[in-house]
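# A closer look at the structure
Listed here are the chains, written in short residue letters.
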Amino acid sequence: MCVSFAYIPAVVVLTAVLFFAVYYLCVLRPRKGTLDWVALQEQRVFTFAVPRHKMDRKDTLPVLLITAVYALTAFFSLGSMLAPDYQRAPALKSGESYTLELEGEAVEATGLWHYCLAGTGGYDVAVSVDGKRFATLWTRVEKDQWDRDQTVYYWADAQGLDPSYSLPQTNNHVFKWTETRTTDPYPVKFLRLTARADKDAVQLGKLLLLGQDGKPVPAQWRMADGSALPEALAYATTIDDTVPETISWRNSGYFDEIYHPRTALEHIQGQYPFENSHPPLGKLILGLGIRMFGMTPFGWRFMGTLLGVLMVPLFYLFLKNIFGKRNIAVCGTILLATEFMHLTQTRIATIDTYGVFFILLAYLFFYRWLTASATRGKRGKTSEGYGQLALSGILWGIGCACKWTVIYAGAGLAVLYVIHMVLRIRAWDKDELGRKAGLGRWLTATLGVSVLCFVIIPLIVYTLSYLPYAQAAGKPGLAGAIDEMWRNQGDMLSYHNQVHSYHPYASRWYQWLVDARPILYYYKDLGGGMVEKFSAFTNPLTTWLGLFAMITCLARCLRRVWAKLALVWSAGLGCCVVCWLVGRVENGDFDPALTAQQLTWRFLLMGLCLAVYLAAATAIVLLLDKRPSALAVFVSVGFAAQFLPWVCIGRITFAYHYFPATLFLILGICMLFDDLMSCPRARWRWPVYGVTAGSVALYAMFYPYLTGLAMPTWYFSNFLQFLPSWV
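This section reports on the structure supplied with the text. (Residues numbered from 1 in each chain as written. Predicted model: local features only at pLDDT ≥ 70, side-chain atom pairs only at ≥ 80, totals over all residues. Heavy atoms only, no water.)

Take empty space enclosed by the protein next. Applying the stated criterion across every chain, the model contains four cavities of 30 Å³ or more. Its boundaries defined by the atoms lining it, the largest cavity holds a volume of some 110 Å³. What lines the largest cavity is a set of 13 residues, and nearest its centre among them are D352, V356, K403, T405 and P660. Those elements that place two or more of their residues in the lining of the largest cavity are α10 (352–370), α20 (630–648) and α21 (659–678). For the lining of the largest cavity, the element with the most residues is α10, which contributes four residues. (1 Å grid on protein atoms, 1.4 Å probe; cavity = no way out; pocket = protein on both sides within 12 Å on 5 of 7 lines; lining within 4 Å. Points joined across faces, edges and corners; volume = space filled by probe spheres on them. Helix = DSSP H or I, 4+ residues; strand = E, 2+ residues; numbered from the N terminus.)

What follows is about the pairing of strand β5 (residues 135–143). Pairing geometry for strand β4 (residues 121–128) and β5, over two bridges, is antiparallel. Opposite V127, over in β5, you have A135 as the bridge partner. Adjacent in sequence and paired antiparallel, β4 and β5 are bridged by six residues, among which G131 carries a positive phi angle near 80 degrees. Here nine bridges tie β5 to strand β6 (residues 149–157), and the two strands are oriented antiparallel to one another. The residue of β6 that forms the bridge with R140 is V152. (Pairing = 2+ DSSP bridges.)

With 20 residues, helix α15 (residues 478–497) should cover 28 Å at 1.5 Å per step; its first-to-last C-alpha distance of 29 Å lies within 8% of that length. Taken as a whole, α15 has its buried residues at G480, A481, E484, M485, N488, Q489, M492 and H496. Taken together, the buried residues of α15 touch α13 (439–464) and α14 (467–472). (Expected span 1.5 Å × (residues − 1). Buried < 20%, exposed > 50% of the residue type's maximum accessible area, 1.4 Å probe, protein only. Contact = heavy atoms within 4.5 Å.)

Moving on, we get to the sheet that holds strand β13 (residues 530–536). Pairing is antiparallel in the open sheet, where three strands are placed in the order β12-β13-β14. A strand with exactly one partner marks an edge of an open sheet, and here the two such strands are β12 (519–527) and β14 (711–712). Relative to β13, β12 runs antiparallel, the two sharing seven bridges. Note on β13: the bridge partner recorded for Y522 is F534. The sheet contacts of helix α22 (residues 685–707) involve β13 and β14, and relative to β13 the element is tilted by about 95 degrees. (Axes fitted to C-alpha atoms, helices over the stretch in contact; angles between N-to-C directions.)

Side-chain pairs of opposite charge can arise whenever the charged atoms involved come near each other. If you walk through the whole model with that rule in mind, you get 21 salt bridges. A salt bridge links K475 to D483; its shortest N-O distance comes to 2.5 Å. For D483, a relative accessible area of 40% puts it in the partly exposed group. Across the pair R487 and E484 runs a salt bridge whose closest N-O atoms are separated by 2.9 Å. Linking R487 with E484, this pair stays in helix α15, spanning three residues, or about one helical turn. Overall, the relative accessible area of 3% leaves E484 in the buried class. (Salt bridge = Lys/Arg side-chain N within 4 Å of Asp/Glu carboxyl O.)

Structure below.
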């Protein structure tokens, strides 16, 4: 029996997190009668308007170094820059058929490779050794060694039978190589290809015979009547530099890459998109990479990876603006750069990266607006920072046009906006007559900029993003874009309301909090004890320490101890109640149809988790200082805006939905760093630098698993599988 050692690093990480949490609470709790304790009794003004710290020349080297190192790890082996050319490949209509003859001797074919481009349908592939009697590719379903259904391909006489169309070109096959192995080899001299298109035509990038070694055969074809092949068909049946040595994620799409790059290409070609489950702008940005590098894996992954790299210096700027300490900016940025999901999710050609990128920018400029009135510029004067507020709203609007989940960030910004406005109005200076002079003008200007940049401009950007839809639908212009935009909102809402089907790697919000269930994106057994696979999940150090940080931030949002306890207790109890209600109606977690034993175990597990949370939260509230923190409110609201909506949503969810919330987990951890560094009694270097170094070590340790590099199966099972649910 193989003994797994993965629990050892898992226990080490968990122990480090617990040590950090205990040390933080012990050090930060001032002793009664000391100067620290006396200082805590003082009432401070609660405000977001605090001086904003600026970057300086000494920040240049660390931010460039971290960004460069991360960029190397992000772009390394991103994907092939070669793929069959959609502009040269044949587009076949239903019933279109060609019979080809192989020049030279017949080939013992053991299967086929084919690369699908646009369109859905299938192909009837028939082969013959004499050109008279053909055997067609057929399928049957058999049970594998684990008693699961598997599709088996075989050659059988096609005389007198309708075409089988067994070689598929479904939505799951486009822009990826597919290998079809047959049960027995068959001598091939002639090949007949007949297409079936669900709509218009199917475009076939490549169709290649496999020899007895399992590799594509370099074959020269001509038409069976002796004439030359059409140029497009000759391209599709010829081995060139676009044909890889082996099929993998490097040269093929995986997971949702079968949708979004295809939609981006359709926008480039002026076609009406097949996938319309998200707003268009994310796919339009993705298409920039395709325009630069072609319809290749590197091309469709480039823009997401680039924005993932750009998030690193932006996050450094954010941290420096907030804390003003270079140590914290460096350590926090390293935490982001070594965050697992940040790497994996920005390397896949989906639109989540674009949403998170604009969420980061929106909060960055919103924070700069909050602090503008207390920050002196180059001339030594303060300003209201309307430019920062405008940028925040516009960038948020651009994000909404990429993915709906950015709207959740808008809810967080709105809460912070209301709090800040109330605080500013209450703190406005009165003149000698008791009037708040200038308040009306300020309020009018601020509300005007807010409505313009958070409502009007985002609506315009959102609508204009539908111009490609309108153009493809034959309704060019603003009116057509408005019509297509309005219609698509109903389509998107209907789609997301119906996403309830079972998925083996789906996860719920309470699993995200502890990193319990990654989503497996790719798996390939290479044989010989080697495997290629990767999943989307968060760095366990960031996740587990970030959970403590978020509870700490929540406990520091209010002043009174009873209010703090009420807040943290109501948060935990509320989530459990919503989980039970949604689980009864939507996702089946607490379906009344389940057996009494199943329901009992689920209630016991939820009760145990709730008890642990309440005990930890209560201890944190009682041990922490009593002064509320405006920054804690900022971080808590930002995290809640990205997390709480998923508590109430019953559709199927995945670990990557937690991606935007990781920004605020790291901000929360940086708050802990700042508290330790600001405490005279704390020996902060070991815990702060230790957490940072631990995150780097885990990143290096998991890097093959995060990027799909070949690794031994024992390495994953013995060192990387921290939890049994990690696959």
